[in-house]
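What follows is the residue order along each chain.
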Amino acid sequence: MQSVIDYLENETTKQTIIRMIGENLHLYQGINTEEKIQSLTGSLYNYLVMECVQNNQYISLSKQTIDALNALYRKLVQHLRRIPADDDVSLVEHIVAQHRVQLIAILRNNTYNKRQEQLFIPCAEYTGLFQYQLLHLDECVLKQPLLDVGCGRKHQLLSYLKEKGFSDLFGIDQYQSDETGILCSNWFEYHFLPSSWGTILAHMSFSNHFRRSLITGGPEDGLYRRKYQEILDSLFVGGCFIYTPAIKTVEATLDASKYSITYFVNLEDRNLDTVCIRKIRE
Ligand SMILES: C[S@@+](CC[C@H](N)C(=O)[O-])C[C@H]1O[C@@H](n2cnc3c(N)ncnc32)[C@H](O)[C@@H]1O
């Protein structure tokens, strides 16, 4: 989180925000309905999440942080729409300064990533076709309902599956979306109900973070282990958890009488295998 806070505290970032707001003052005055307020609040929130995960893809926001950020952006929108269009930016500067202090305080209080040092590990999103191929989904039986964990801002794999005729599709991510079935939630705080999913997918998301916590010995290791088991428990018999990258040390601990495991090779060094774990009995 420190790298994001450093970025936000940076003077250039501050001046960029002031300039962007100054250039769009006339637009904010048109924000005059609850729907428009909510829509701009959501866009600003998503813009921040994008900056966070592009700065460090392992940023993980708690529900408390997500709620506090939304309340803060809502307040910002309320302030912006009242600024006169001919303001000489002194009011904008004042509002931005206050907003940034509160924004940084919220991020500092975030439950996760407390120990993270200076890092620059940007996050990427991939096309639906690319994810479909890398997860080897044409070689697996995909039962519904289907959940994509860490589906990304544009939930491109779900859109691709929809085009292919699937309909009972859901996603979770830290980004907000107006799309039905896409929930804004941290995966640690989402409750995967027992025996409720036909397929759970995670492309370069949950297992990538889990694997990293094992390599770095991070404080979230235990959380990941419990959540991983909760995900498996949430499959109904015959359902699959399909993800990349595989985490061989973890899959090796699974009870072979309950789960059948298939690996798909993506790279010669086997560092980016996809794994399909099918639940064969409760
Ligand atoms: C590398 S992107 C991959 C997105 C998508 N699966 C794809 O392949 O295009 C990882 C995604 O995981 C999400 N993410 C990271 N930590 C998360 C968490 N703790 N809870 C929910 N989503 C998280 C990020 O917001 C980001 O959208």
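Residues numbered from 1 in each chain as written. Predicted model: local features only at pLDDT ≥ 70, side-chain atom pairs only at ≥ 80, totals over all residues. Heavy atoms only, no water.

(A) How the structure looks around the site of the ligand. Lining the immediate surroundings of the ligand are 20 residues, of which Tyr 126, Gly 150, Asp 173, Trp 187 and His 203 lie closest. Gln 131 is positioned with one of its side-chain polar atoms (N or O) 3.2 Å from an oxygen atom of the ligand. Contact distances for the ligand include 2.9 Å between a nitrogen atom and a backbone N or O atom of Trp 187. Relative to its unbound accessible surface of 590 Å², the ligand loses 99% to contact with the protein. Comparing atom positions with the cavity grids shows the ligand to sit within the largest cavity. Shared between two domains, the shell around the ligand takes at least three residues from each, and those domains are domain 1 (2-108) and domain 2 (128-279). (Near = heavy atom within 4 Å. Polar contact = N/O pair within 3.5 Å; in protein donor to acceptor, adjacent residues only side chain to side chain. Areas by Shrake-Rupley, 256 points an atom, 1.4 Å probe, with all protein chains shown as cover. 1 Å grid on protein atoms, 1.4 Å probe; cavity = no way out; pocket = protein on both sides within 12 Å on 5 of 7 lines; lining within 4 Å. Sits in = over half its atoms within 2 Å of the grid points. Domains from an automatic or database assignment.)

(B) Broad picture of helix α6 (residues 90-108). Over its 19 residues, α6 extends 27 Å from the first C-alpha to the last, a length consistent with the 27 Å expected when each residue adds 1.5 Å. Where α6 is buried, its residues meet α1 (2-9), α2 (11-23), α3 (25-28), α4 (34-55) and α5 (63-80). (Helix = DSSP H or I, 4+ residues; strand = E, 2+ residues; numbered from the N terminus. Expected span 1.5 Å × (residues − 1). Contact = heavy atoms within 4.5 Å.)

(C) The arrangement of empty space enclosed by the protein in detail. Scanning the entire structure with this criterion turns up 1 cavity of 30 Å³ or more. Within this model, the largest cavity holds a volume of roughly 360 Å³. The wall of the largest cavity is formed by 24 residues, among which Cys 123, Gly 150, Gly 152, Asp 173 and Ser 205 lie closest to the centre. Class assignment for the residues of the lining of the largest cavity results in 10 nonpolar, 12 polar and 2 charged. The two domains that each donate at least three residues to the lining of the largest cavity are domain 1 (2-108) and domain 2 (128-279). (Points joined across faces, edges and corners; volume = space filled by probe spheres on them. Nonpolar A, V, L, I, M, F, W, Y, C, P; charged D, E, K, R; others polar.)

(D) Highlighting the packing of aromatic side chains. For the structure shown, the criterion picks out 14 aromatic pairs. Between Phe 188 and Tyr 224, the aromatic rings sit 4.7 Å apart at their centres with planes inclined by 65°, giving edge-to-face as the arrangement. Of this pair, Phe 188 sits in the loop between β3 (182-184) and β4 (197-203) while Tyr 224 sits in helix α10 (residues 221-233); the two residues are 36 residues apart in sequence, bridging distant segments of the chain. On the basis of relative accessibility, which here comes to 10%, the residue Phe 188 falls in the buried class. Since its relative accessible area comes to 3%, Tyr 224 is described here as buried. The side chain of Lys 164 reaches across the aromatic face of Tyr 132, ending 4.9 Å from its centre. Against the face of Tyr 263 rests Lys 248, its NZ or CZ located 5.0 Å from the ring centre. (Phe/Tyr/Trp six-rings, centres within 6.5 Å; stacked < 30°, edge-to-face > 60°. Buried < 20%, exposed > 50% of the residue type's maximum accessible area, 1.4 Å probe, protein only. Lys NZ or Arg CZ within 6 Å of the ring centre and 35° of its normal.)

(E) The arrangement of unusual backbone geometry in detail. Omega for the peptide link from Gln 144 to Pro 145 comes to 0°, which places this bond in the cis form. Structurally, Pro 145 is set in the loop between α7 (128-134) and β1 (146-149). The backbone of Ser 195 shows a phi angle near 45°, a positive value even though the residue is not glycine. Positionally, Ser 195 belongs in the loop between β3 and β4.

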